[in-house]
Amino acid sequence: MSDIRIVRDYPDSLTKVWRAVTEPDLVPQWTVTGRGARPVGFAPRVGARFQFVAKPVPGWRGIVDCEVLEVDEPHLLRYSWQGEENGQRTYVTYRREPHLSGTRFTYEHTGFTGLGGVIMAKLLGSVRRKMLTVGLPVLLADLDEDGAPGASSAVRPQPRPDEP
């Protein structure tokens, strides 16, 4: 089995990091370094079903089906991840904890099996590292301490992948 585990420290509050990674209008701002998926129907509530929707590419329909499994705001979010219809279900966990004067964010994506799982974990791991190292710090710099876009922020709602 292959798993992804990425730990990053940010100089920002738990609340600010929580909002950046769970607010549907903000998520595409830091995932833009990958496929720029937007969460459709997401709510930080156990049992909530949602989809990450991005522009389809050959071999991928552009949709990931998810269900929230566990929430402890602002410390923990865990959800299932199914990238293909009737495909393998894997699990994503966001853990946030106070660290020094900021937040330690741990991203885990587990449950990959077989050769296809090894390849997918390697691909997704590379993309997630970039999102958490490049995309998320840029977004956090544009938010105020409560996680709201600042007055001079360039944070804007992202167009849907099917829009020009």
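Structural notes, computed from the coordinates. This is a predicted model, so every value here is computed, not measured.

What about the pattern of salt bridges?
A side chain of one charge can pair with a side chain of the opposite charge if their charged atoms are brought near each other. A complete count under the given rule lists 8 salt bridges for this structure. Note that Lys16 is salt-bridged to Glu145, the shortest N-O span being 3.8 Å. One end of the pair, Lys16, is in helix 1 (residues 14–22); the other, Glu145, is in the segment after helix 3 (114–142), with 129 residues separating them in the sequence. Residue Glu145 is classed as partly exposed on the basis of its relative accessible area of 48%.

Some details on the packing of aromatic side chains
Throughout the structure, instances matching the rule amount to 8 aromatic pairs. Taking the centre distance of 5.0 Å and the plane angle of 85 degrees together, the rings of Phe42 and Phe50 count as edge-to-face. A single burial state applies to Phe42 and to Phe50, both of which are buried. Ring centres of Tyr94 and Phe105 lie 5.4 Å apart, and the angle between their planes is 55 degrees; this geometry places the pair in the tilted category. In this pair, Tyr94 sits in strand 6 (residues 90–99) while Phe105 sits in strand 7 (residues 102–112), placing the two residues 11 residues apart along the sequence.

With respect to the sheet that holds strand 1 (residues 2–10)
One open sheet accounts for 7 strands, arranged 1-7-6-5-4-3-2; its pairing is antiparallel. A strand with exactly one partner marks an edge of an open sheet, and here the two such strands are strand 1 and strand 2 (38–40). Across the sheet, the mean angle separating the axes of adjacent strands is 25 degrees when strand polarity is ignored. Bridging between strand 2 and strand 3 (residues 49–53) involves 3 bridges; their strand directions are antiparallel. Each bridged residue has a counterpart across the sheet, and for Val40 the counterpart in strand 3 is Gln51. Helix-sheet contacts for helix 1 involve strand 4 (63–72), strand 5 (76–82), strand 6 and strand 7, and the interaxial angle to strand 6 is about 160 degrees.

Parameters at a glance
- Residues numbered from 1 in each chain as written.
- Predicted model: local features only at pLDDT ≥ 70, side-chain atom pairs only at ≥ 80, totals over all residues.
- Heavy atoms only, no water.
- Salt bridge = Lys/Arg side-chain N within 4 Å of Asp/Glu carboxyl O.
- Helix = DSSP H or I, 4+ residues; strand = E, 2+ residues; numbered from the N terminus.
- Buried < 20%, exposed > 50% of the residue type's maximum accessible area, 1.4 Å probe, protein only.
- Phe/Tyr/Trp six-rings, centres within 6.5 Å; stacked < 30°, edge-to-face > 60°.
- Pairing = 2+ DSSP bridges.
- Axes fitted to C-alpha atoms, helices over the stretch in contact; angles between N-to-C directions.
- Contact = heavy atoms within 4.5 Å.

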